[in-house]
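Next come the chains, spelled out residue by residue.
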Amino acid sequence: MNLLINILCNKPYWVFILYFLVTLVLYAPTAYAGFVTDFANWQEIYDKSTFSDLKNCFGYPGLHHLQHLVFYSFYKTFGRDSIAWYLFSALLHSGVAYLSFRVCSKIFTDFGLKNSEIICFLGAFIFLISPYHTDTIVWRVCFHYFTMGIIFLLSLWYTHLWLKTNRIKYIVYCALLYVIGLFNLELALAIPIMLAFYAFVWALHFNKLKNLFGYLFKILTPYISLTIGWVLLNQYFLGAMVGHYGADKHLNFAPILIFGNAFKYLTKILFFQRYWWHKPKEMAWAIFNDPFVLFALVVIGLFIFIWVVRNYKKLCTEYKLVALMTMLFFIVLLPVLNLFFQVLHFIKEDRYVYVASIFIFQAIAILLFNLPIKWKKIGLSSFIIISVALTAITNNYWYMAYKIHTSIIDKFNFYDHQNVVILNVPENVYGAPILYTFANEFFSTINHTLPLKNRKPHTGHLIEVAHYNCTHTHDGVNVKVLNEKHLQVEFNQWGTWFWRKANGATNYENYLYKVEFNGKYYDLYLKHLAKDYLFIYWNGYDWEVVNQEFSS
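To start, this report covers the structure provided alongside it.

Analysis parameters
Residues numbered from 1 in each chain as written. Predicted model: local features only at pLDDT ≥ 70, side-chain atom pairs only at ≥ 80, totals over all residues. Heavy atoms only, no water. Helix = DSSP H or I, 4+ residues; strand = E, 2+ residues; numbered from the N terminus. Buried < 20%, exposed > 50% of the residue type's maximum accessible area, 1.4 Å probe, protein only. Polar contact = N/O pair within 3.5 Å; in protein donor to acceptor, adjacent residues only side chain to side chain. Contact = heavy atoms within 4.5 Å. Pairing = 2+ DSSP bridges. Axes fitted to C-alpha atoms, helices over the stretch in contact; angles between N-to-C directions. Salt bridge = Lys/Arg side-chain N within 4 Å of Asp/Glu carboxyl O. Parallel < 35°, antiparallel > 145°, perpendicular 65-115°, else oblique. Left-handed = near helix turned anticlockwise from the far one by under 90°. Nonpolar A, V, L, I, M, F, W, Y, C, P; charged D, E, K, R; others polar. Core = buried A, V, L, I, M, F, W, Y, C linked by side-chain atoms within 4.5 Å. Expected span 1.5 Å × (residues − 1).

Attention shifts here to the side chain of His458. Relative to the helices and strands, His458 resides in the loop between helix 19 (445-449) and strand 4 (461-464). His458 sits in the buried class, given a relative accessible area of 4%. Polar side-chain contacts of His458 include one of 3.3 Å to the backbone oxygen of Phe414. The contacts of His458, once residues within four sequence positions are left out, are Phe412, Phe414, Tyr415, His417, Gln418, Val420, Asn447 and Leu450.

Dropping the structure here:
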């Protein structure tokens, strides 16, 4: 124990090295994965652009200049070099975990927490191995969440130093970090709220409530000015107060949505709820859609908050810091609470909780470390083992998605046919993306990807009728040609269903065909003779061509 404390206090760089090595080993199966969907879109844009296009974020509806500066520069330097991106992601993720350890241990020590270095080492380690971070680490377009983690932690640290020393330079550092954050991701809007709340807790803890108004004024004044300036820039350049998902999403303040998602995110982290069987998971999260339940929970939460404030001096340091870290978790989540909360699949939208989880994992570490010795060992080892096991499983989904994606593109060889109809395209593996799009049915994800992987594009008509989710690499369909204008496509396996525009598929029709989905199969009604088309489908291992002989 003394040796560990000595390393943590005097040679903390070993902690970073450990975190980095653990990340490399844990995420090794995903080294070649993640170059899908949004990455392919940006690759196509970047290949046609120059550095001067950064001024308008390469046409993106948001002031994300820092994000694109890093993304574009790294892509232009390394292209699709899988190992470079893998090392880059591992380096940034381990860097965020290391910064969490360093910042939180310093703050906890100043608050009087015993064994703060060991606790924060464990909290950062739990963050490092969390199964909820594969979306950020593996999908090669999400590195700006690493940046936001660094910005949030440094902002908290500099505010802490300012409160300790009253040196104005730390306020300036925070303002600069906020500007950088605003040009990286809208999540930065939570920073002033986080720092204002931290100043309140600081004043409460160190008997300086009489100075609270001065703290808040000095903290919030530059942030309010900078936020107004950012909003005006959005209005001028984008024609809206906020870009990215749009004002209708980011400015939706429906209480049921916001409070419901807040509790969903909390239980998701605490109980590994994403990995439950679907029915109990759906039932558990559905509780937080009930207005009466939410009202009761909010009232209870408000009562607890008031009780903690009134009895703050009587509480032990451990509980004070658990309360602080939990509140920071909710505050950092504020900008994403009105966005869609993914219930069904793993991985999707897990990146939204990446930064906030830094704080809740520190709270979990404090609670587990301060259990009686026997339960402490069981609790910590169980949480770590479960996290590693679920991360390994999730990384295997990414590996499967990579294998399927690579096979689909490498084995496509239908350039001699003008009109090719693809009856089924794998969309994802348990949420790990393969090929999907929000575009209409005449946009081919495969034809879009071919030239990005150094394959020539199909120059005719390449039509994708339906996508589907995979549970195994061998998932596929069988096809029946019922007559010259009617085909029936049926899954070979259970547990998959048809998708379209990144959602479960519903019936649709266009000038070429009509599709009716019926659970395990769909009917395709052509408006031209079948002989005019080449019909192909993915059987799980290779492309198959439909035998167009039909029964009378």
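Moving on, we come to the sheet that holds strand 4. Read across the open sheet, the four strands follow the order 4-1-13-14; overall the sheet is mixed. In this open sheet, the two strands that pair with only one neighbour each are strand 4 and strand 14 (543-545). Averaged over all pairs of adjacent strands, the angle between their axes in this sheet comes to 25°, without regard to strand direction. Relative to strand 13 (residues 534-538), strand 1 (residues 419-422) runs parallel, the two being bridged by three bridges. Paired with Val420 across the bridge in strand 13 is Leu534.

The subject of this paragraph is the sheet that holds strand 7 (residues 486-491). In any sheet, the strands associate via hydrogen bonds between backbone groups, in a parallel or an antiparallel arrangement. What the five strands build is an open sheet, ordered 6-7-12-11-10; its pairing is antiparallel. This sheet does not close on itself; its edge strands, each paired only once, are strand 6 (477-483) and strand 10 (508-509).

Now for the pairing of strand 1. Relative to strand 4, strand 1 runs parallel, the two sharing four bridges. For Asn419, the partnering residue across the bridge sits in strand 4 and is His461.

Further remarks concern the environment of Asn440. Mapped onto the fold, Asn440 is located in the loop between strand 3 (432-433) and helix 19. Looking at Asn440, the relative accessible area reads 41%, which means it is partly exposed. Considering only alpha carbons, one finds Asn440 and Glu464, 24 residues apart in sequence, at a separation of 9.7 Å.

What follows is about the pattern of salt bridges. As enumerated under the stated definition, the model contains eight salt bridges in all. A salt bridge links Lys48 to Glu44; its shortest N-O distance comes to 3.7 Å. The exposure class assigned to Lys48 is exposed, which follows from its relative accessible area of 67%. A salt bridge links Arg274 to Asp350; the nearest nitrogen and oxygen atoms lie 2.8 Å apart. Separated by 76 residues along the polypeptide, Arg274 in the loop between helix 13 (255-270) and helix 14 (278-286) and Asp350 in the loop between helix 16 (317-333) and helix 17 (354-369) bring together distant segments of the chain. Exposure class is identical for Arg274 and Asp350. Each is buried. Several salt bridges share partner residues, and in doing so they unite Lys268, Arg274 and Asp350 into one network.

The phi torsion at Thr37 lies on the positive side, around 45°, for a residue other than glycine. Following the sequence through the fold, Thr37 ends up in the loop between helix 2 (13-26) and helix 3 (38-47). Here Asn207, not a glycine, exhibits a phi torsion of approximately 55°, which is positive. Accessibility expressed as a relative area gives 60% for Asn207, which makes it exposed.

Right, let's get into the packing of helix 2 against helix 5 (residues 82-110). The geometry of helix 2 relative to helix 5 is characterised by a closest axis approach of 9 Å and an angle of 140° between their N-to-C directions. Here helix 2 is positioned oblique relative to helix 5, judged by the angle of their axes. When you trace helix 2 past helix 5, the crossing you get is right-handed. Of the residues in helix 5, those in contact with Tyr13, Val15, Phe16, Tyr19, Phe20, Thr23, Leu24 and Val25 of helix 2 are Tyr86, Leu87, Ala90, Leu91, His93, Ser94, Gly95, Ala97, Tyr98 and Phe101.

Before going further, it helps to examine the packing of helix 13 against helix 15 (residues 291-310). As a packed pair, helix 13 and helix 15 sit with axes 10 Å apart at the nearest point and diverge in direction by 70°. Here helix 13 lies roughly perpendicular to helix 15, going by the angle between them. Relative to helix 15, helix 13 is oriented so that their crossing is left-handed. The residues of helix 15 that touch helix 13, namely those facing Ile256, Phe259, Gly260 and Phe263, are Pro291, Leu294, Leu297 and Val298. When the residues that make up the contact of helix 13 with helix 15 are grouped by side-chain class, the tally is seven nonpolar, one polar and no charged.

It is worth spelling out the nonpolar core at this point. One broad trend across soluble globular proteins is that nonpolar side chains are buried collectively. Core analysis: the largest hydrophobic core is formed by 190 residues, its most contacted members being Tyr19, Phe329, Leu423, Ile446, Val465, Tyr522 and Leu524. Each residue touching Val465, except ones within four places of it in the same chain, is listed here: Val421, Ile422, Leu423, Tyr508, Tyr513, Val515, Tyr522 and Leu524.

With that settled, the discussion passes to helix 15. Spanning 20 residues, helix 15 covers 28 Å between terminal C-alpha atoms, matching the ideal 28 Å at 1.5 Å per step. A distance of 2.9 Å separates the backbone nitrogen of Phe292 from a side-chain oxygen at the start of helix 15, and that oxygen is part of Asp290.

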